[in-house]
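# Per-entry structural report
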Amino acid sequence: MPNFIEQTKNNFNTVADHILKSLASNEAANINLQAEESLFVRFNDNHVRQNTFVEQRVLSLTLQKNGRTANLSFSLTGNNELDLKSATTWLESARLECDLLPEDPYQVAITNNGTSDSTLLGKLLDPSAIIEAITQAAEGTDFAGLYSGGPQISANKNSAGQSHWFAAENFFMDYSIYMGEKAVKGVYAGSEWNVDSFKAKLSESKNLLSLMARPKKVLEPGAYRTYLAPGAVAELASMFYWGSFSFNGYKQGTSSLQKLADKEKSLSPLFTLVENFKMGLTHRFNSLGELAPEYQELIKDGELKTYLISSRSAKEYGVQSNQASPGESPRSLEILPGSLKEKDVLKELDTGLYLSNLHYLNWSDRANARITGMTRYACFWVENGEIVAPIADMRFDESLFDCLGGNLLAVTDFQEINPAVSTYESRAFGGNKNPGMLIKDFKFTL
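Fair warning: this is a prediction, and the values are worked out from it, not measured in the lab. (Residues numbered from 1 in each chain as written. Predicted model: local features only at pLDDT ≥ 70, side-chain atom pairs only at ≥ 80, totals over all residues. Heavy atoms only, no water.)

## Examining empty space enclosed by the protein
- A complete count under the given rule lists two cavities of 30 Å³ or more for this structure.
- When its volume is computed, the largest cavity comes out at roughly 70 Å³.
- Lining the largest cavity are Glu275, Phe277, Ala292, Pro293, Gln296, Leu308, Asn322, Gln323, Ala324, Ser325, Ser329 and Arg331.
- For the lining of the largest cavity, the per-class residue count stands at five nonpolar, five polar and two charged.
- The computed volume of the second largest cavity comes to approximately 30 Å³.
- Going through the elements one at a time, α5 (230-238) and α10 (400-406) are the ones with two or more residues in the lining of the second largest cavity.
- With three residues, the top contributor of residues to the lining of the second largest cavity is α5.
- Of the residues contributing to the lining of the second largest cavity, the split by class is nine nonpolar, no polar and no charged. (1 Å grid on protein atoms, 1.4 Å probe; cavity = no way out; pocket = protein on both sides within 12 Å on 5 of 7 lines; lining within 4 Å. Points joined across faces, edges and corners; volume = space filled by probe spheres on them. Nonpolar A, V, L, I, M, F, W, Y, C, P; charged D, E, K, R; others polar. Helix = DSSP H or I, 4+ residues; strand = E, 2+ residues; numbered from the N terminus.)

## A word on the packing of helix α1 (residues 4-21) against helix α2 (residues 80-100)
- Two elements in contact, α1 and α2, have axes separated by 10 Å at closest approach and are oriented at 35°. Judged by the twist between their axes, the crossing of α1 over α2 is right-handed. Contacts from Asn10, Asn11, Thr14, Val15, His18 and Ile19 of α1 reach α2 at Asn80, Asp83, Leu84, Ala87, Thr88 and Leu91.
- Partitioning the contact of α1 with α2 into residue classes produces five nonpolar, six polar and one charged. (Axes fitted to C-alpha atoms, helices over the stretch in contact; angles between N-to-C directions. Left-handed = near helix turned anticlockwise from the far one by under 90°. Contact = heavy atoms within 4.5 Å.)

## Some thoughts on the layout of surface pockets
- Of the pockets and cavities examined, the second largest pocket occupies roughly 460 Å³.
- Lining the second largest pocket are 28 residues, and of these Thr62, Asn71, Leu288, Arg312 and Pro326 lie nearest its centre.
- Counting only elements with at least two residues in the lining of the second largest pocket, the list comes to β1 (27-44), β2 (47-65), β3 (68-76) and α8 (311-317).
- Of the residues contributing to the lining of the second largest pocket, the split by class is eight nonpolar, 17 polar and three charged.

## Quick word on the confidence of the model for the protein
- Mean pLDDT over the protein stands at 95; residues scoring 70 or higher make up 100%.
- The least confident element of the protein is strand β7 (residues 182-190), whose mean pLDDT is 91; the most confident is helix α9 (residues 345-349), at 98. (pLDDT = per-residue confidence, 0-100.)

Here it is as structure tokens:
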């Protein structure tokens, strides 16, 4: 009996080929598939609170006809006979929609951007063994979180002959360990479950939690010398996904990096950020089937090298595309490491704040790249290079032009991968890779 990946590949090829062969001479089509077979297990107090299994295949069809573009999506069952009938119906719906729509002035012509085929098989735990593997390792703790794992698939075909396939088996365990209202957060993720690695990750979290038992220190608002651990840097980096690198956003005046692009502001020479598909966190092809560069510098030594430019923006503004996704958001970000060694972090911090995580981030002043958010989980006050006490939660309000600019003192020589753990509608692909950062005068307002 074929497994999910094999069955889905056969099903997708059958349905996509049927649609493409059904096109009239004045029609062109682009087809995408997102599919997953995922087990979800939610834990509370180291017991299973909820579990479910999701199998879904969603096909998205873009039909171009007489200068018009119609987009629609529908679910596939995996049964070829049923899905072929459904595809015929939806193709007719797209044709009717095209007839009603105005011409699309920035329509991107459907072309052949090549072929790729990648299937990355993992070594995941058998579903019957997951609960025991997790609860035994976390025994004696108030463990809460979400496990999700299984194959994920993204595929693309178009009427110009293009074909891409990407499938990967992976998992994540996004968890917190509680001590009353205090908690430490962690993520264990990968394509191969390793009992010893998971226990080691939990051990790190338990050690931090033991420090949380000390009396809490309440700090006054102000500017503090601060170390952001990779988990906290990942939260800062997540703001770059909110249109910061969008070339269309730059032209529309909504990019938070506008002043960096226009040379009104600068970032530290210590700060370099790239889009790196060599990390293997997600596929290179976008929804048009265009292959992005494997490695592309976005900010180098504090200077903006390029925005992410989709083919649609390229056509609208008369510039060269760099095969960005239509939304022009990063998909595989990496902040490059520096020279600060892990053993020297507390010594170099000396006296100040050690922040493991940040939370509830949002723009407070997008034009000036100013972000507000809260400290959360294992955050400590440090004196003379020694952790003294956990801190009461604080709100910060800080500009990226300051904390990643002149106030950035050092970047660690180690990084951590922060996998995408979003499960809205489907499990997300991708993630990012971040070092820790030492910053002076990180500003807290409450």
